[in-house]
Amino acid sequence: MLISQIIKVAKQNSNFKGRIVVCNYVFMRYFRIRMNNIFTKILFSPVIILYKFITDFLLKCEIPASTVIGEGLVIHHVTGLVLNNKVVIGKNVTLKHHTTIGNKESLEGEDLGSPVIGDNVLIGPHTIIIGPITIGNNAIIGAGSVVVKDVLPYTVVAGNPAKVIHVLNKK
């Protein structure tokens, strides 16, 4: 089952670095779900260290294994990609380079929440999505956008702050 999942995500990612990151994420997530006590965490610590080394240091992106990501993730040019561990990403999402999807904190340091991204979403390069917001299914986030408010399904947004520039036809 694990091998078939890795082969499937490798075929979906045409970019070599994206293929490596997504395959590593699937592999690490498989073990992360099964690490339910301190003994297994110690046993798998070399795997965790290798994952962090490959993604963080070699490929310059940050995807914690605790991040919930649906099937079909495609990453183009992984450099500068940062995801918070509480982000939820739906199925068939495409992420471009230098994208940050993170939580928002209050002035007192309280975590206010992280984004939930729907299915079939395209997120352009140099995009920031931050806070307890929802990105609807089939939305498109334009390059260089700063998204701090909810995005409705079938909507194209762009700019700083992101504004609706087009509504797509529902098929």
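Coordinates for the structure precede this section.
In what follows, the accompanying structure is described. Worth saying up front: this structure is predicted, and the values here are computed from it rather than measured. (Residues numbered from 1 in each chain as written. Predicted model: local features only at pLDDT ≥ 70, side-chain atom pairs only at ≥ 80, totals over all residues. Heavy atoms only, no water.)

**Some words on the sheet that holds strand 15 (residues 155–158)**
Pairing in this open sheet of six strands is mixed, and the strands run 2-5-10-13-15-16 from one edge to the other. Looking along the sheet, the strands with just one partner apiece sit at the ends: strand 2 (74–75) and strand 16 (163–167). Alignment of strand 5 (residues 94–95) against strand 10 (residues 122–123), held across two bridges, turns out to be parallel. If you follow Thr94 over to strand 10, its bridge partner there is Leu122. (Pairing = 2+ DSSP bridges. Helix = DSSP H or I, 4+ residues; strand = E, 2+ residues; numbered from the N terminus.)

**Looking at helix 4 (residues 45–58)**
With 14 residues, helix 4 should reach 20 Å at 1.5 Å per residue; the first-to-last C-alpha distance of 18 Å fits that figure. For helix 4, every residue scored as buried is listed here: Tyr51, Ile54 and Thr55. Packing partners of the buried residues in helix 4 comprise helix 2 (16–34). Remark: Lys60 follows helix 4 within two positions and exhibits a positive phi of approximately 55°. (Expected span 1.5 Å × (residues − 1). Buried < 20%, exposed > 50% of the residue type's maximum accessible area, 1.4 Å probe, protein only. Contact = heavy atoms within 4.5 Å.)

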